[in-house]
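Overview (structure and organization)
So the chains spell out like this:
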Amino acid sequence: MIDLAAVLPPPLVEAALMRAIVERRTTTAAIATRMREMSRQGVEGPRTLRRLLLQANGRCRPGSPLERLVAGVLSRGGLPPVRREHPVYLEGGVYYLDFAWPHFRVGVEADSRRWHSDAASFERDLVRHNSLAAGGWRVLRVTEQQVRCDPAGVVDRVRGLLVRG
């Protein structure tokens, strides 16, 4: 991965890294370890790969407590680096996904009753969800209870969507 990152454009590096992690050929921890070893030898390593590793290790903090909880579960789950608050441009507007793997068109939304309690917000959410689905996105919606009680199950469902991607 490090050699590829030195010669490929950033979008291809990201795609290769995500595929390698989904297929369990490497981990972000293994790459980070090797890059630290290189740094001790005076070689910084490719900037694109450093940025992807920072994303994967949760350096970009999501806003709500539930999003932080989900971010922790996803980052410890051995999944590819995730983008947070990722904009998806579709007919009818732009939608932001809490967590996204754009190359796979997979997203995760951290849902709570707080934001979905009245009829109007419920309707808006359905329109949003249907627009994303029509645009080819598969979005897993998770609740605090799911993340706390079955974090491995959440990670497995996300991995399943990525593998099918």
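Residues numbered from 1 in each chain as written. Predicted model: local features only at pLDDT ≥ 70, side-chain atom pairs only at ≥ 80, totals over all residues. Heavy atoms only, no water.

**Description of helix α8 (residues 151-164)**
In plain terms, the rule: Every helix listed is a DSSP run of H or I at least four residues long, and every strand listed is a run of E at least two residues long, numbered separately from the N terminus. Between the first and last residue of a helix there are one fewer steps than residues, each counted as 1.5 Å, and that sum is the expected span. Partly exposed describes any residue whose relative accessible area lies between the buried limit of under 20% and the exposed limit of over 50%, with all areas from a 1.4 Å probe on protein chains only and scaled to the type maximum. A contact between two residues is defined here by any heavy atoms of the two lying within 4.5 Å.
Between its first and last C-alpha, α8 extends 20 Å over 14 residues, near the 20 Å set by a 1.5 Å rise per residue. Within α8 the residues assigned to the buried category are Gly153, Val154, Val155, Val158, Arg159, Leu161 and Leu162. At its buried positions, α8 is contacted by α2 (10-22), α5 (65-76), β2 (93-101), β3 (106-110), β4 (138-142) and α7 (144-149).

**Some remarks on the confidence of the model for the chain**
Which entries qualify depends on this criterion: One confidence number per residue, pLDDT, is output by the predictor and ranges from 0 to 100.
Summing up the model confidence of the chain, the mean pLDDT is 83 and the portion of residues at 70 or higher is 88%. Confidence, expressed as mean pLDDT per element, reaches its minimum in the chain at helix α4 (residues 47-56) with 72 and its maximum at β4 with 96. Here residues 58-62 is a poorly scored stretch, pLDDT under 50, and it has 10 contacts once near neighbours within four places are set aside; other chains count.

**Side note on α2**
Since the α-helix packs 3.6 residues into each turn, any two residues three or four apart lie on the same face. Between its terminal C-alpha atoms α2 stretches 18 Å, which fits the 18 Å expected from 13 residues at 1.5 Å a residue. Three or more residues of α2 are buried, namely Val13, Glu14, Leu17, Met18, Ala20, Ile21 and Val22. Of the residues trailing α2, Arg24 is marked for its positive phi of about 60°.

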